[in-house]
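Below, each chain spelled out in residue letters.
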There are 2 protein chains.
Amino acid sequence: MDLAPPRVTIQDVARAAGVSGSSVSNYMNRHFERLGEEARLRIKEAIAELNFRPNRVARQLKTGRTDAIALIVPSVVNPYSGELVLAIEQEASRAGYGVHMCNTMRSSAIETDFLDRLADIGVRRLITISPMNSTCGVYYAAREDVSIVAIDASRDDFKLPGLRTVNLDHRAAMDMAVGHLHDLGHDRIAYVTDSLITHSRVDRMKGFELAVERYGIRASDIVMVENRERVVDIADLHMVDAGRRAAIDVAALSLRPTAVVAFNDMIAHGLMAGFRAVGIAVPSDISLIGVDDIWMNEAASPGLTSIRHPVAEMAKATIGHLSPSMDEPADKVLLPSLVVRQTTTQPTSSSTSRDAQGK
Amino acid sequence: MDLAPPRVTIQDVARAAGVSGSSVSNYMNRHFERLGEEARLRIKEAIAELNFRPNRVARQLKTGRTDAIALIVPSVVNPYSGELVLAIEQEASRAGYGVHMCNTMRSSAIETDFLDRLADIGVRRLITISPMNSTCGVYYAAREDVSIVAIDASRDDFKLPGLRTVNLDHRAAMDMAVGHLHDLGHDRIAYVTDSLITHSRVDRMKGFELAVERYGIRASDIVMVENRERVVDIADLHMVDAGRRAAIDVAALSLRPTAVVAFNDMIAHGLMAGFRAVGIAVPSDISLIGVDDIWMNEAASPGLTSIRHPVAEMAKATIGHLSPSMDEPADKVLLPSLVVRQTTTQPTSSSTSRDAQGK
DNA sequence: TTGTAGGCGTTATCAT
DNA sequence: ATGATAACGCCTACAA
């Protein structure tokens, strides 16, 4: 371990192998057609011998581009997207890509600054998570050689023909949730969501309606709460607030449901808090299921039953999408799975006969 | 917005300003002593006119270094360090630095690979969070011009004289927690921690002991649970497990405490789950306070009272430490604050007279 | 105070 | 199949 490790350059390798720098360069870039059998071998040995590692910076200066990935996310602390960011970072580094992450905090100024910087250094791979109002599409729209993958967004949200997307199969998710409750014996189920401002919210609710019909659920309700901004909200805590408020609405329903499906887990946790506040016990009085399967579900008590967002698979699909192969679909839809914890049980007599519950 | 935006180089600026490239370079590097009044002005205008932005890659190739920051963290999903990562990223980009993040998952192989890559591109600023067994010290130890800041670690954990640290004032934190409980009227308080494998665990417990003494608390207990590995644990869920197990121990204490201080919030949430499982109500039977103030505290119910880790200030101190000013202390210690939620109340008769509690 | 020239390590073009 | 050579955009002696 030297104090100032002297760089091994392509020329050093060339000298050691008795070939020219260009040949080593060709070797590094896998242009084997332009190399003789013997030269290839000697270069290979010299590289191993000297432990040569090409200087990415020099290459970047020369080519004007880098294989690094720009990752745009509202906030890493966000319970769902945080796990996704981790998975993407791991998948990317497995594929040899560096990742530049930007927490936009939903500020398009921050996002634009970030993209300006990255455009400067030649980044051509973009991943955007939950991009309700991401500007990256507009920004990079003109450039031909840029790959953009949007996670948790509909392609209609952008006007980019080249865009690729990765999404959860929301219909399947709702089918799973309602099916699980139906299996337990529930037939009065409510759905709680906040404003339908994104594709996933719309589609997931639609999925609930379809599922309810499919399982022949007797009665169902949709409770919609509107968003109220928080002063600072790096973790989607406004959804917890929304859930808390929704709990009151659910409790006030003329025919109180025995189970509730929440748009996502944060709303579900809010519901749990709200129900507790008004004396409704989960799950003995009412069952509860969310979507995403954030880690908090496991840490909370009772543990929240949820429909798991397949984070690792989404990351894999995303990185795969970055190097487009034309025979693959531009929109990948992944299947969720059910994680049963403690908030879903069979409806009890107390929850079925609402008189026992009091007003 | 052109399709292939032609780069504005230092030469373009020089031409526009009627000076040479070196002068522009000197301007960019703030070597104003080497510039005439008039030249400086014309360069400034030309830069604004052409919207010139220096090519970081070229500079990097030439100088062999970059001002980007390497950020090493076990996992961004980790409830405490996730918030810290966000704060650091924001503070860094405010200061104009890019951030390369590495989720080591506590694998030194991953960390070493990452540092190798970054050493290649000339990164000389390192931040490491909760580095129980971080190798970065060893790795970069030899290099003179590298700044390393360790957050949530004692300088004794490394053998690097040049290291700078940022830490919470654990003693003050415990003083605050115990003081709060004492103010409420508690005088039988237990402390729950997992194995004392880090500086913060040792120091925080010491702080508890000092505080208990200082407030003249009649009786206190230390409950220590050992770590058990989880198959996969990106979010410190093993601490929740530890808390769950500890709850049983606390319940079995011969003189059951009326309040518990947990080493951190994840353990506290585990305690909450454990208490609920054995029929002990929080806070009416027992009060509970944690440390860190992770977002989950707000989302859980009841909301967990906690000692807040001043994340934004820590980020600021960390970035400040990166450009060492010799008159500042090498070890910064920041003060926490108390966030009262629902898990701490006055001890009730039911919790005070233990007979009412059953066995 | 300002300009000129050389080179950082790589890729790409054009010879051979 | 292989090699010389010229950039990429910037910094930095050193010269003027």
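The notes below deal with the structure included here. The structure displayed is predicted, hence computed values, not measured ones.

## What about the relation of the copies chain B and chain A?
Between the two chain copies there is a screw-like relation: a rotation about an axis and a shift along it.
Next, step 1: The transformation that overlays chain B on chain A combines an axial shift of 0.0 Å with a rotation of 180 degrees, and the residual RMSD is 0.1 Å. The operation mapping one copy onto its partner corresponds to a two-fold rotation axis.
Next, step 2: In this assembly the copies share their binding face: 100% of the residues contributing to the interface of chain B also contribute to that of chain A.

## As for the protein's contact with DNA strand D
Next, step 1: The environment of DNA strand D is made up of 25 residues, and the closest members are A:Ser20, A:Ser22, A:Gly36, A:Lys62 and B:Ile10.
Next, step 2: The sugar-phosphate backbone supplies 68% of the atoms of DNA strand D found within 4 Å of the protein.
Next, step 3: One of the side-chain N or O atoms of A:Ser22 is found 2.5 Å from a base nitrogen in DNA strand D.
Next, step 4: Residue B:Arg59 places a side-chain N or O atom 3.1 Å away from a phosphate oxygen belonging to DNA strand D.

## Side note on helix H11 (residues 265–277) of chain B
All names here are of chain B.
Next, step 1: The terminal C-alpha atoms of H11 lie 18 Å apart, and with 13 residues this matches the ideal 18 Å at 1.5 Å per residue to within 8%.
Next, step 2: In terms of burial, H11 is largely enclosed, as eleven of its 13 residues are buried.
Next, step 3: Capping the start of H11, Asn264 holds a side-chain oxygen 3.2 Å from the backbone nitrogen of Met266, two or three residues further along.
Next, step 4: At the exit of H11 stands Gly279, carrying a positive phi of roughly 80 degrees.

## A word on the sheet that holds strand E8 (residues 259–262) of chain B
All names here are of chain B.
Next, step 1: Strand order in the open sheet formed by six strands is E7-E6-E8-E9-E10-E12, with mixed pairing between adjacent strands. Every interior strand has two partners, whereas the edge strands, strand E7 (219–225) and strand E12 (337–339), have only one. Averaged over all adjacent pairs, the angle separating strand axes in this sheet is 20 degrees, with direction ignored.
Next, step 2: Sheet topology note: the E8/strand E9 (residues 287–292) ladder contains three bridges and is parallel. From the neighbouring strand, Ala259 faces E9, where its bridge partner is Ser287.

## Quick word on the interface of chain B and chain A
Interface extent is often summarised as the accessible area lost during association of the parts.
Next, step 1: On the chain A side, the residues contacting the 51 residues of chain B number 51 residues.
Next, step 2: On the surface where chain B and chain A come into contact, there are five salt bridges.
Next, step 3: Ionic pairing is found between A:Arg230 and B:Glu298, a salt bridge with its closest N-O pair at 3.3 Å.
Next, step 4: Between chain B and chain A we count 15 residue pairs in polar contact (both at pLDDT 80 or more) in total.
Next, step 5: Considering each element in turn, the side of chain B that touches chain A owes the most residues, seven residues, to helix H5 (residues 79–94) of chain B.
Next, step 6: Of the residues that constitute the side of chain B that touches chain A, the class distribution is 27 nonpolar, eleven polar and 13 charged.

## As for a nonpolar patch on the surface
Residue and element names in this part refer to chain A.
Next, step 1: Side chains of Leu196, Val202, Ile222 and Met224 sit close together on the surface and give an oily, nonpolar patch of about 300 Å² of accessible area.
Next, step 2: Here Met224 is to be found in strand E7 (residues 219–225).
Next, step 3: Look at Met224 and you get partly exposed, because its relative accessible area is 43%.

## Section: the packing of aromatic side chains
All names here are of chain A.
Next, step 1: Considering all chains together, one arrives at five aromatic pairs over all chains under this definition.
Next, step 2: With centroids separated by 5.6 Å and ring planes inclined at 70 degrees, the aromatic side chains of Tyr27 and Phe32 adopt a geometry described as edge-to-face.
Next, step 3: Here the guanidinium or amino end of Arg214 rests over the ring plane of Tyr215, the centre of that ring lying 5.2 Å away.

What counts and what doesn't
- Residues numbered from 1 in each chain as written.
- Chains lettered and ligands numbered in written order.
- Predicted model: local features only at pLDDT ≥ 70, side-chain atom pairs only at ≥ 80, totals over all residues.
- Heavy atoms only, no water.
- Least-squares fit on C-alpha atoms with pLDDT ≥ 70 in both.
- Contact = heavy atoms within 4.5 Å.
- Near = heavy atom within 4 Å.
- Polar contact = N/O pair within 3.5 Å; in protein donor to acceptor, adjacent residues only side chain to side chain.
- Helix = DSSP H or I, 4+ residues; strand = E, 2+ residues; numbered from the N terminus.
- Expected span 1.5 Å × (residues − 1).
- Buried < 20%, exposed > 50% of the residue type's maximum accessible area, 1.4 Å probe, protein only.
- Pairing = 2+ DSSP bridges.
- Axes fitted to C-alpha atoms, helices over the stretch in contact; angles between N-to-C directions.
- Salt bridge = Lys/Arg side-chain N within 4 Å of Asp/Glu carboxyl O.
- Nonpolar A, V, L, I, M, F, W, Y, C, P; charged D, E, K, R; others polar.
- Patch = residues over 30% accessible without salt bridge, like charges linked within 9 Å, V, L, I, M, F, W, Y side chains within 5 Å.
- Areas by Shrake-Rupley, 256 points an atom, 1.4 Å probe, with all protein chains shown as cover.
- Phe/Tyr/Trp six-rings, centres within 6.5 Å; stacked < 30°, edge-to-face > 60°.
- Lys NZ or Arg CZ within 6 Å of the ring centre and 35° of its normal.

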